[in-house]
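Residue-level listing of the chains:
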2 protein chains.
Amino acid sequence: MTPAATESPADLVITGCAVLTHDDRERIGFTRDAAVVVHDGVVTEVTGAGAVAGRAARERIDARGQVALPGLINCHTHSPMVALRGLAEDLPTEEWFNDVVWPVESNLTGRDVELGARLACAEMIRGGVTTFADHYFAMDAVAAVVAECGMRALLGEAYFSSQGPEGRERSLAFALRHRGTAGGRITTALAPHAPYTVDDPDLAATARLAREHGLPVHLHAAENRDQTEASLARHGVTPVEVLHRTGILDTDVLIAHGTGIVDGDLPLLECAEGRTAVATAPRGYLRFAWPHTTPVRALRDIGVPVGLATDGAASNNSLDVWEAMALTSLIQKSSEGDPRWLTSRQALHHATLQSARAVGLGDSVGRIAPGRRADLVLVDLTGPHTQPVHDLAATLVHSARAADVRTTIVDGRVLMRDRELLTIDVTGVVAELGERLPALVDRSHGRRIQEYDLRPHGRYGGRDRK
Amino acid sequence: MTPAATESPADLVITGCAVLTHDDRERIGFTRDAAVVVHDGVVTEVTGAGAVAGRAARERIDARGQVALPGLINCHTHSPMVALRGLAEDLPTEEWFNDVVWPVESNLTGRDVELGARLACAEMIRGGVTTFADHYFAMDAVAAVVAECGMRALLGEAYFSSQGPEGRERSLAFALRHRGTAGGRITTALAPHAPYTVDDPDLAATARLAREHGLPVHLHAAENRDQTEASLARHGVTPVEVLHRTGILDTDVLIAHGTGIVDGDLPLLECAEGRTAVATAPRGYLRFAWPHTTPVRALRDIGVPVGLATDGAASNNSLDVWEAMALTSLIQKSSEGDPRWLTSRQALHHATLQSARAVGLGDSVGRIAPGRRADLVLVDLTGPHTQPVHDLAATLVHSARAADVRTTIVDGRVLMRDRELLTIDVTGVVAELGERLPALVDRSHGRRIQEYDLRPHGRYGGRDRK
């Protein structure tokens, strides 16, 4: 018990739930009939419900029949793209980019980004997500939404080399302007789009800026095997080798997808000087019929954390990290041909500690324990689809659903209580966004913000066609 | 408009929703701001909301912001196995059967089956399922639950050849006793377990009984590629060829899984005299790391309907047909290497007409149209995870979730209204089932009801070890 716990009334006491905990070897366990005590946004105690019976508290939550787990972390998304949910269906990757998404994104305004981010945060809070790593344009608007809605986020302003040095400079300015804002809930990254749209000099300059300013880098790389093969055909090196030779692997880097990571890349990732992590969003890989998924087992073997993600809703149709957790387990079993691999407890390890490390918050979130930020969710397991419970880890990963999250808490502040959002007005957002959609999705102008072109002699690192 | 619609008050009028409809070429469409009128359990009109403004009705549902679609059909499950949800995790198929499920099932009592079925029906009604095809033991108890809770079901009493001829006879007696009961909501099938546990003479006798009594056959066959290879090694024929030579393909047959169906089987399935259908439950194939999924595209090309299914919750962890719909689309894209295949509209075709045909109800359910039974669900699309809507089919398949079903209706009777179950007491079921679980899951006796053994000289069609 910390001194604070005895001296001042707690800000929040949650009682009666099972609490997901990690032991000193990071194994997942559950403490039954427990209580969680929060002061000043920090968990100060995880104890028995009886121990806090008479404890003074500004707010109490009776969570019997529920499980408290660390808030989910969406390790790679483009939150404002919820505005395009369902717009570009059943298309191969190249057509998805060139024919729909990049033309539409040439219409984007800050207001679209703001409304999309607000809708995305509503969806994520309702699905038990407390932190997200966002990679998009007009990110000042996203930062404002994060500040207002109470979530935690790692934000990066995306850029292509086709924007000239201004793209990189804007990304740096954004990162420096917003780092540590929203009461410390916002952290920032430099966010080059990918090695196939950002050239080597630009990546090298990004790596230098990252080291100089102590910023991490968040980018797409080796998204699929075609990209790896195109990179080999053009440059004689894989995308991960590009990250190595440009110095990006000397920074703290979060790589999105990595389904095109090949065996030869693993030593580079293992020896990287910075903190290296990968975000996996398996739904989209199925949808695009990519031939591989993220090599989670190989990355585990070299100590690279793999966080869970949804990518944007234009490719994933939702920001449902709960589904990403279940799918990661299922698709890993299938791709490795091993039903014993990626058990529910392993999936929960990815969802908690590995995801926290992936977004650079390994010391502050990802577990419910004294000294950690009070980012947690309460999950109701009384529904018929989650009964009976023979194995709580399996119930959480494979039977529970995002809609079973009843309460979402960040820094000790309740953002959703009993399914009611307390910081976002969904109806208003949907109404205004609906009015803006015709202008947003108009493609009659023939522009696109970038070109996806993996041909051997195509415009790899292509130029803006605006 | 039928005469009934003008002469007597409707039993139920639903207004203001979009209605999923099929055109004369079975293409999926949506009628906006529509109304559905029900008399005597049958849809009598699908019209504009304005056309029914003054219509007399015993019950009205204002369904603005919702979509009405045909109730989902779970084409292959073992409903009472919800009692084993999460008990046998991360195991290969053989260990799952031999070390956990078949030992535990030697403890089964009728009361366990009844409680399990009741919990399963609660889960399915909450997930928008109106009909299920069930294949299990002590099925009188399941029939009683179906009668009481208001769902529609195709029920079959399972048997192994290890039970002797009594197994088959009990299955027949069950099918004849319950056929057409529960106001016609119960239909029945003969339910041999599988070609690897029911020998050829027994299958041939089953086929004769099916033809004699006009009953369909529901069984597992070619569940995975290992079974197909084991059958070839032992008998020189595939499981589908076994169904052919024993006459099962001359009956109306529902084949569960079929991930081991090979190209050479297709002409047999195409030329089958009876109605042949396959149920696909892709979640379990991933979980068991089977190397293939159901060959939906090849079956489509020969005109064999493929219905959606969950299998039992001991392998699938849920009876979530909504998830099965999304996963079928995603896994088919991935397995065919074609992002354009199995679009959301195709997924909805499988979920509606093809599933209805698979369970032998192609003329009575599976679409919302005059003359069809009034089995439908209302889905709320106002949640942030389903907004905005660019493509309603994509929203339904890839963004909506089982928990978005607000109202479930069978034969015009509301079984769930605004998420509240009206015919099942979940709390009571969970409490009693919980008390019974220690006895149910006890494996100290060393018995199992059957053996899974695909070895070339193993006891294929093995004997009861009780």
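Criteria and cut-off values
Residues numbered from 1 in each chain as written. Chains lettered and ligands numbered in written order. Predicted model: local features only at pLDDT ≥ 70, side-chain atom pairs only at ≥ 80, totals over all residues. Heavy atoms only, no water. Helix = DSSP H or I, 4+ residues; strand = E, 2+ residues; numbered from the N terminus. Contact = heavy atoms within 4.5 Å. Areas by Shrake-Rupley, 256 points an atom, 1.4 Å probe, with all protein chains shown as cover. Lys, Arg positive; Asp, Glu negative; His and termini not counted. Charge placed at Lys NZ, Arg CZ, Asp CG, Glu CD. Expected span 1.5 Å × (residues − 1). Polar contact = N/O pair within 3.5 Å; in protein donor to acceptor, adjacent residues only side chain to side chain. UniProt positions renumbered as here; feature names shortened; annotations may be inferred. Pairing = 2+ DSSP bridges. Salt bridge = Lys/Arg side-chain N within 4 Å of Asp/Glu carboxyl O. Buried < 20%, exposed > 50% of the residue type's maximum accessible area, 1.4 Å probe, protein only. Least-squares fit on C-alpha atoms with pLDDT ≥ 70 in both. Axes fitted to C-alpha atoms, helices over the stretch in contact; angles between N-to-C directions. Parallel < 35°, antiparallel > 145°, perpendicular 65-115°, else oblique. Left-handed = near helix turned anticlockwise from the far one by under 90°. Buried area = accessible area lost by both parts, 1.4 Å probe. Nonpolar A, V, L, I, M, F, W, Y, C, P; charged D, E, K, R; others polar. Core = buried A, V, L, I, M, F, W, Y, C linked by side-chain atoms within 4.5 Å. Phe/Tyr/Trp six-rings, centres within 6.5 Å; stacked < 30°, edge-to-face > 60°. Lys NZ or Arg CZ within 6 Å of the ring centre and 35° of its normal.

Per an unreviewed UniProt entry, chain A is named Amidohydrolase, and its organism is Streptomyces edwardsiae.

*Asks:* Would you mind going over the overall build of chain A with me for this structure?
*Replies:* A tally of regular secondary structure across chain A gives 16 helices and 17 strands. Principal-axis analysis of the C-alpha atoms gives chain A an extent of 70 × 50 × 45 Å. Within chain A, contacts between residues separated by at least 24 positions form 73% of all contacts whose residues are at least 6 apart in sequence. As displayed, chain A has an accessible area near 15000 Å², and 47% of this comes from carbon and sulfur atoms. Counting 48 positive and 60 negative side-chain charges, chain A places the centres of these two groups 2 Å from one another.

*Asks:* Any chance you could explain helix α6 (residues 200-213) of chain B here in plain terms?
*Replies:* Because an α-helix completes one turn every 3.6 residues, residues spaced three or four positions apart along the sequence face the same direction. Residues and elements named next belong to chain B. With 14 residues, α6 should reach 20 Å at 1.5 Å per residue; the first-to-last C-alpha distance of 20 Å fits that figure. Packing partners of the buried residues in α6 comprise β8 (152-159), α5 (165-178), β9 (186-192), β10 (217-221) and α8 (239-245). You can read the cap of α6 off the contacts: a side-chain oxygen lies 3.0 Å from the backbone nitrogen of D202, and it is on D199.

*Asks:* Please clarify how the UniProt feature "domain: Amidohydrolase-related" (unreviewed entry) in chain A should be interpreted in this entry.
*Replies:* UniProt tags residues 68-414 of chain A as "domain: Amidohydrolase-related" (unreviewed entry). With 43% helix and 18% strand, residues 68-414 of chain A has end C-alpha atoms that lie 13 Å from one another.

*Asks:* Please explain the pairing of strand β3 (residues 42-48) of chain A as it appears in this structure.
*Replies:* Each regular strand carries side chains that alternate between the two faces of the sheet. Taken together, the six bridges between strand β2 (residues 28-39) of chain A and β3(A) define a ladder with antiparallel strand orientation. Looking at the pairing, H39(A) lines up with V42(A) of β3(A).

*Asks:* How do you make sense of the pattern of salt bridges when you look at a structure like this?
*Replies:* Should the charged atoms of two oppositely charged side chains come close, the side chains can pair. Residue and element names in this part refer to chain A. According to the stated counting rule, one finds 64 salt bridges over all chains in the structure shown. Salt-bridge contacts for D23 lead to R27; the nearest nitrogen and oxygen are separated by 2.7 Å. D23 sits in the partly exposed class, given a relative accessible area of 26%. Three or more residues joined by partner-sharing salt bridges are found here, namely R111, E114, R118, E148 and E432.

*Asks:* What is the right way to read helix α15 (residues 392-399) of chain A from this model?
*Replies:* Residues and elements named next belong to chain A. For α15, the tally of buried residues reaches eight of eight residues, placing the bulk of the element in the interior. Where α15 is concerned, the buried positions are L392, A393, A394, T395, L396, V397, H398 and S399. Capping of α15 at its N-terminal end is provided by D391; its side-chain oxygen lies 3.0 Å from the backbone amide nitrogen of A393.

*Asks:* Help me understand the environment of E166(B), please; the structure alone is not making it clear to me.
*Replies:* Residues and elements named next belong to chain B. Within the secondary structure, E166 is located in helix α5. The exposure class of E166 is partly exposed, given its relative accessible area of 41%. Sequence separation between E166 and R211 is 45 residues; the distance between their C-alpha atoms is 19 Å.

*Asks:* Where do I start with the relation of the copies chain A and chain B in this structure?
*Replies:* Superposing the two chain copies requires a rotation about an axis and a translation along that axis. Of the transformation placing chain A onto chain B, the axial shift is 0.0 Å and the rotation is 180 degrees, giving an RMSD of 0.0 Å. Given the turn and translation reported, the copies of this chain are related as if by a two-fold rotation axis. It is A403(A) whose C-alpha, among those of chain A, lies nearest the rotation axis, at 3.3 Å.

*Asks:* Is there a simple way to think about the packing of helix α5 (residues 165-178) of chain A against helix α6 (residues 200-213) of chain A in this case?
*Replies:* Between two packed helices, the angle of one axis relative to the other and the distance separating the axes together describe the packing. All names here are of chain A. Put simply, α5 and α6 touch, their axes get as near as 11 Å, and they point 20 degrees apart. Our classification of the angle between α5 and α6 gives roughly parallel. Note that α5 runs across α6; the crossing there is right-handed. Residues R168, L172 and L176 of α5 pack against D202, A205, T206, L209 and H213 of α6.

*Asks:* Sorry, what's going on with the interface of chain A and chain B here?
*Replies:* How big an interface is tends to be reported as the loss of accessible area on association of its parts. On the side of chain B, 55 residues touch chain A, which itself brings 55 residues to the contact. Across the chain A/chain B interface, buried area totals approximately 4400 Å², and carbon plus sulfur atoms make up 59% of it. The largest share of the area that chain A buries against chain B comes from D90(A), P384(A) and H390(A), three residues that together contribute 16% of it. On the surface where chain A and chain B come into contact, there are eight salt bridges. Inspection of the chain A/chain B interface yields 22 residue pairs in polar contact (both at pLDDT 80 or more). Broken down by element, the residue count for the side of chain A that touches chain B peaks at seven residues, all from helix α13 (residues 321-336) of chain A. Taken together, the residues of the side of chain A that touches chain B sort by class into 26 nonpolar, 14 polar and 15 charged.

*Asks:* Help me understand unusual backbone geometry, please; the structure alone is not making it clear to me.
*Replies:* Glycine aside, the phi torsion of most residues is negative, and most peptide linkages are trans. Residue and element names in this part refer to chain A. Here the residue pair Q387 and P388 is connected by a cis peptide bond, since its omega of -10 degrees sits within 30 degrees of zero. Mapped onto the secondary structure, P388 falls in the loop between β14 (376-380) and α15. Unusually for a residue other than glycine, D311 sits at a positive phi of about 60 degrees. The topology assignment puts D311 in the loop between β13 (306-308) and α12 (313-316). Even without a glycine there, the phi angle at R419 is positive, about 75 degrees. Note that R419 resides in the loop between β16 (413-417) and β17 (420-421).

*Asks:* I tried to follow the side chain of D411(A) on my own but got confused; where do I start?
*Replies:* Residue and element names in this part refer to chain A. Considering the arrangement of structural elements, one finds D411 in the loop between β15 (405-410) and β16. Residue classification places D411 among the buried positions, given a relative accessible area of 17%. Within polar-contact distance, the side chain of D411 engages the side chain of R373 at 2.8 Å. In contact with D411, not counting residues within four places along its chain, are G41, R152, R185, R373, A374 and D375.

*Asks:* Teacher, can you tell me more about the nonpolar core here?
*Replies:* Considering soluble globular proteins, one finds that nonpolar side chains tend to be buried as a cluster. Judged by nonpolar contacts, the single largest core of 135 residues is most densely connected at L155(A), W322(A) and L348(A). In this structure L348(A) touches L20(A), I28(A), F30(A), L69(A), M325(A), A393(A), L396(A) and V397(A), once residues within four positions along its chain are discounted. If you look at the next biggest cluster of nonpolar residues, it comprises 133 residues, including A83(B), F132(B), V278(B) and A314(B).

*Asks:* Please explain the environment of V397(A) as it appears in this structure.
*Replies:* Residues and elements named next belong to chain A. Inspection of the secondary structure assignment puts V397 in helix α15. Along the backbone, V397 and P295 are 102 residues apart, and their C-alpha atoms lie at a distance of 20 Å. Sequence-distant contacts of V397, that is, excluding residues within four places in its chain, are made with W322, M325, A326, S344, A347 and L348.

*Asks:* Would you mind showing me how to read the packing of aromatic side chains here?
*Replies:* Describing an aromatic ring pair means giving the distance of the ring centres and the angle of the ring planes. Counting across every chain of the model gives 20 aromatic pairs over all chains. Here the aromatic rings of F137(B) and F160(B) are separated by 5.9 Å at their centres, their planes lie at 45 degrees, and the arrangement is tilted. Highlighted residues: F137(B) in the loop between β7 (129-136) and α4 (139-149) and F160(B) in the loop between β8 and α5, separated in sequence by 23 residues. Here F137(B) and F160(B) have matching classes, each one buried. Taken together, the ring pairs in this structure connect W96(A), F97(A), W102(A), Y136(A), F137(A), F160(A), Y196(A), Y285(A), F288(A), W290(A) and Y452(A) into an aromatic cluster. Cation over ring: R287(A) sits above F288(A), and NZ or CZ is 5.5 Å from the ring centre.

*Asks:* How should the pairing of β16(A) be read in this particular structure?
*Replies:* Residues and elements named next belong to chain A. Here three bridges tie β15 to β16, and the two strands are oriented antiparallel to one another. Within β16, the residue paired with T408 across the bridge is M416. Joining the antiparallel neighbours β15 and β16 is a turn of two residues, in which D411 adopts a positive phi near 55 degrees. Two elements, β16 and β17, share two bridges in a ladder whose sense is antiparallel. Counterpart to M416 in the pairing with β17 is L421. The loop that links β16 with its antiparallel partner β17 comprises two residues; one of these, D418, has a positive phi angle of about 50 degrees.

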